[in-house]
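Structure at a glance
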Amino acid sequence: MDERENELKEAPLEGALLVGVEDRDDDDLDEDGKADYAREVLEGILSRMDLDATVDVREDDERVVLDVAGPDAGRAIGKKGQTLDALQFLVNKIVNRFPDGRRYIVVDSGDYRDRHDKNLVNMARREAKRAVDQGRTITLEPMPARDRRLIHLSLAKFPDVTTKSNGEGLGRRIQIIPSSGSRGGGGGDRDRRRPRRRD
Amino acid sequence: MDQLAELIDYIARALVDDPEDVTVEAVEGDRAIILELTVAPSDLGKVIGKDGRTARAMRTLLSATSARMRRRAILDILE
């Protein structure tokens, strides 16, 4: 965590918050003005949180990515990205208040979301391997729907495990279950030291 | 206006249909500040959200901000 904050502190500052730098070279993409509105809202919230940060807009056809940078970017991310997720949720609610022409707004900071996803997939593979090696079900930490979906997808083709979610709401967790089919097939049977599935 | 109240006021006004009906009252306690948010009855759902998710997101930002000020803040949505 500290490492990340330091990295972010070294990120170049691109002018003070709320200074409207008119560097749009893609106005045609933002014909509905939602990207600019989203940026304005996010800047408004960040400054009222007393955070020294700038917001840049990256957009493609479907989504608008708001990139938070500056000395307080680490604080805008928060523990486990909770602050960043809350910012993203609220900016989406505000910008898509009316049903016409919804646009999905991603609030990111540098490559935070990318790295978060990669870490998640690596962790899932590690735990899946452990589930197979130890022949027992592994239950992960509770996590948001989006992260659970990513894990289900990334393990869909992982050999000898299945995944499912258990629990309600914020407490919903993924279980990684070694498939019973893995008992016979492989050549590794003679190496099995431990009874399967239960102790 | 108190800075924390201003944060909630800004977000709430952006969320609702009737921003002029939004008020945030800051009640200073010994150990915590209580922010009493009122909105037009028709806008209640907009500040609470499905399963309380909007209210929860506001509280997350509120505690992130208040923690740095070494304060504790409670968001109370009045019905």
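Above this text you will find the structure in question.
Quick look at the sheet that holds strand β1 (residues 23-28) of chain B
One key point about sheets: their strands pair by backbone hydrogen bonds, in either a parallel or an antiparallel sense. Residue and element names in this part refer to chain B. Pairing is mixed across the open sheet formed by three strands, whose spatial order is β1-β2-β3. What marks the edges here is a single partner per strand, and that holds for β1 and β3 (73-77). Within the sheet, the average angular offset between the axes of one strand and its neighbour, ignoring direction, is 20°. When β1 meets strand β2 (residues 33-38), the two strands line up antiparallel, connected through six bridges. Within the sheet, the bridge partner assigned to E28 lies in β2 and is I33. Taken strand by strand, helix α1 (residues 3-15) contacts β1, β2 and β3, and its axis lies near 25° from that of β2. Along the sheet, helix α3 (residues 53-68) contacts β2 and β3; its crossing angle with β3, the most-contacted strand, is approximately 155°.

Some words on the packing of α1(B) against α3(B)
All names here are of chain B. Orientation of α1 relative to α3, taken along the N-to-C sense of each, is 155°, at an axis distance of 10 Å. Taken together, the axes of α1 and α3 are roughly antiparallel relative to one another. The hand of the α1/α3 crossing is right-handed. Facing Q3, L4, L7, I8, I11 and L15 of α1, the residues of α3 in contact are T54, M58, L61, L62, T65 and S66. The residue makeup of the contact of α1 with α3, split by class, is eight nonpolar, four polar and no charged.

Considering the packing of aromatic side chains
The geometry of two aromatic rings is summed up by the distance between their centres and the angle between their planes. This model, assessed by the stated rule, comprises zero aromatic pairs over all chains. Above the face of the Y10(B) ring, R48(A) is positioned so that its terminal group lies 3.9 Å from the ring centre.

Here's the deal with the packing of helix α4 (residues 82-95) of chain A against α1(B)
Packed helices, taken two at a time, are described by the angle their axes make and the gap between the axes. One can describe the packing of α4(A) onto α1(B) by two numbers: an axis separation of 8 Å at closest approach and a directional angle of 40°. For the element pair α4(A) / α1(B), the angle class is oblique. Facing α4(A), whose interface residues are L90(A), K93(A) and I94(A), α1(B) presents I11(B), A14(B) and L15(B). Grouping the constituent residues of the contact of α4(A) with α1(B) by class yields five nonpolar, no polar and one charged.

Here's the deal with unusual backbone geometry
With the exception of glycine, most residues fall at negative phi, and the peptide bonds are largely trans. Residue and element names in this part refer to chain A. One non-glycine residue, D50, adopts positive backbone phi at about 65°. Following the sequence through the fold, D50 ends up in the loop between α2 (34-48) and β1 (54-59). Under the relative-accessibility criterion, D50 is labelled partly exposed at 48%. Look at D160: it is not a glycine, yet its phi comes out positive at around 70°. The residue D160 is located in the loop between α6 (145-155) and β5 (161-166) in this model. A relative accessible area of 38% means that D160 is categorised as partly exposed.

The rules behind each value
Residues numbered from 1 in each chain as written. Chains lettered and ligands numbered in written order. Predicted model: local features only at pLDDT ≥ 70, side-chain atom pairs only at ≥ 80, totals over all residues. Heavy atoms only, no water. Pairing = 2+ DSSP bridges. Helix = DSSP H or I, 4+ residues; strand = E, 2+ residues; numbered from the N terminus. Axes fitted to C-alpha atoms, helices over the stretch in contact; angles between N-to-C directions. Contact = heavy atoms within 4.5 Å. Parallel < 35°, antiparallel > 145°, perpendicular 65-115°, else oblique. Left-handed = near helix turned anticlockwise from the far one by under 90°. Nonpolar A, V, L, I, M, F, W, Y, C, P; charged D, E, K, R; others polar. Phe/Tyr/Trp six-rings, centres within 6.5 Å; stacked < 30°, edge-to-face > 60°. Lys NZ or Arg CZ within 6 Å of the ring centre and 35° of its normal. Buried < 20%, exposed > 50% of the residue type's maximum accessible area, 1.4 Å probe, protein only.

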